[in-house]
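Here's the letter readout for the chains.
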Amino acid sequence: MKEEIVRYLRDQGADLVGVAPVEAWAEKGRVPEAYRPGSLWAPARSVIVIGLQMPLPLVETTPSVQHMELYRTCNRRLDDLAFDLTRWLNRRNAAAFFLSRDGYASLDILLERPAAAFAHNFAAEYAGLGTVGVNHAILTPEFGPRVRFVSVFTEVPLPPDPPLPENLCIRCGACATCCPVAALTIPKERLRSEEPVVVADYDKRLCTERHKLLVKKRCYPCGICVKVCPVGDDRRLYGRENVLPHYLREADALARDPDDPSYRAWTHVRRHGSWPLDDEPPQPTAGGERRREEKP
Ligand code: SF4
Ligand code: SF4
């Protein structure tokens, strides 16, 4: 049945598909029990994880309305794929269940309650699709962290995919260096440590406040720590393999000259369809501008 599921999801447009056994959550012990698949839905035996890429040239424009629309499209498509797979399994007499890609209603709620009911990133790692990077994202061989995931639980015991043999993060530190609000911090010696997995200290409040600003400006999410990560075959596809210095110079270069020609393709996109970051956030219009508060 696994082959059939993978073929179905590929035909529907999934870029990545992996299967994790529910036992992985207990074996790894990193997720509190209430957040594990077996606690959320007792019949679960396998978790099918679906990934969709965020094409690199669009991610590079962040913060922009174009990046925002891509993010929304990706989340919507993931929820559609999870919903469709759940019904596809049910039609084959296999019970299935899913939780949506992003399970919170506003950033203010996220600030007060900074956890989702289920973390799809752990599921992706346990399904052998990627490994955790310093930036706390799942890095995949295909797209680095420029990929989003959703998970479908099923009662069917499917053959699991093996975890990746080694961590993909090369510990360059670019994600922390480029974060515009210093939400990611990591001392250099930790980047050089022998530990198999190293993650930055993450100030979720700083990151969420940045997203709240970008929501007001209509150009969320931030995603700079995703944009600059050098991992991923997508860099070869787009000829963007050795551009780290370009990313590292961006903030200073644009502070000196907002029209710096080497960043003009991105600044052009950023100047259309959203509010400039430097201005005061716009007030809601009397007529009730359509509210599109979104999530990071
Ligand atoms: S999303 Fe933006 S603000 Fe949040 S950690 Fe990444 S770079 Fe920093
Ligand atoms: S930017 Fe560098 S340190 Fe950060 S997650 Fe990617 S490879 Fe790891």
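What you are looking at is a predicted structure, and each value in this text was computed from that prediction instead of being measured.

Here we look at the site of ligand 2
Then, in step 1: Taken together, 15 residues lie near ligand 2, and Gly133, Cys169, Cys172, Cys175 and Cys229 sit nearest.
Then, in step 2: A class-by-class count of the residues in the shell around ligand 2 yields 11 nonpolar, 3 polar and 1 charged.

Section: the environment of Cys169
Then, in step 1: The topology assignment puts Cys169 in the loop between β6 (147-154) and α8 (174-178).
Then, in step 2: Take Cys169: there are 24 C-beta atoms within 10 Å of it, and that puts it in the buried class.
Then, in step 3: Separated by 29 residues in sequence, Cys169 and Val198 place their C-alpha atoms 8.7 Å apart.
Then, in step 4: Every residue in contact with Cys169, bar those within four places of it in the chain, is listed here: Thr131, Gly133, Val134, Leu139 and Val231.

Remarks on helix α5 (residues 65-91)
Then, in step 1: If you check α5, its first and last C-alpha atoms are 39 Å apart, about what 27 residues at 1.5 Å a residue would give, namely 39 Å.
Then, in step 2: Of all the residues in α5, the buried ones are Gln66, His67, Met68, Tyr71, Cys74, Leu78, Leu81, Ala82, Leu85 and Leu89.
Then, in step 3: Those residues of α5 hidden inside the fold are in contact with α1 (2-12), β2 (46-53), α4 (56-59), β3 (96-99), β6 and α14 (264-270).
Then, in step 4: Asn93 sits one or two residues past α5 and shows a positive phi near 65°.

Description of the nonpolar core
Then, in step 1: The biggest cluster of nonpolar side chains holds 68 residues, and the ones touching the most others in it are Val47, Ile48, Val49, Ile50, Ala123, Ala127 and Cys175.
Then, in step 2: Broken down by element, this core gets its largest block of residues, 8 residues, from α5.
Then, in step 3: The residues contacting Cys175, other than those within four sequence positions of it, are Val134, Asn135, Leu184, Cys225, Val228 and Cys229.

Quick word on unusual backbone geometry
Then, in step 1: Note that the residue after Thr62, namely Pro63, is joined by a cis bond; omega there is 0°.
Then, in step 2: Positionally, Pro63 belongs in the loop between α4 and α5.
Then, in step 3: The omega torsion across Tyr220 and Pro221 is -10°, close enough to zero to call that bond cis.
Then, in step 4: Within the fold, Pro221 resides in the loop between α10 (204-216) and α11 (224-227).
Then, in step 5: A positive phi angle, close to 75°, is found at His136, a residue other than glycine.
Then, in step 6: Residue His136 is classed as partly exposed on the basis of its 18 C-beta neighbours within 10 Å.
Then, in step 7: Residues other than glycine seldom take positive phi values, yet Arg218 does so here, at roughly 65°.
Then, in step 8: With respect to the helices and strands, Arg218 occurs in the loop between α10 and α11.
Then, in step 9: Residue Arg218 is classed as partly exposed on the basis of its C-beta count, with 17 C-beta atoms lying within 10 Å.

Comments concerning the site of ligand 1
Then, in step 1: Taken together, Cys179, Val181, Ala183, Leu184, Cys207, Arg210, Cys222, Gly223, Ile224 and Cys225 form the complete shell of residues around ligand 1.
Then, in step 2: Those elements that provide at least two residues to the shell around ligand 1 are α10 and α11.
Then, in step 3: Here the shell around ligand 1 is composed, by residue class, of 8 nonpolar, 1 polar and 1 charged.

Looking at the confidence of the model for the protein chain
Then, in step 1: Averaged over every residue, the pLDDT of the protein chain is 90; residues scoring 70 or more account for 93%.
Then, in step 2: Between residues 284-296, whose pLDDT stays under 50, and residues either more than four places distant or in other chains, the model counts 16 contacts.

Parameters at a glance
Residues numbered from 1 in each chain as written. Chains lettered and ligands numbered in written order. Predicted model: local features only at pLDDT ≥ 70, side-chain atom pairs only at ≥ 80, totals over all residues. Near = placed C-beta within 6 Å. Nonpolar A, V, L, I, M, F, W, Y, C, P; charged D, E, K, R; others polar. Helix = DSSP H or I, 4+ residues; strand = E, 2+ residues; numbered from the N terminus. Buried ≥ 20, exposed ≤ 12 C-beta atoms within 10 Å, placed from the backbone. Contact = placed C-beta atoms within 7 Å. Expected span 1.5 Å × (residues − 1). Core = buried A, V, L, I, M, F, W, Y, C linked by C-beta atoms within 7 Å. pLDDT = per-residue confidence, 0-100.

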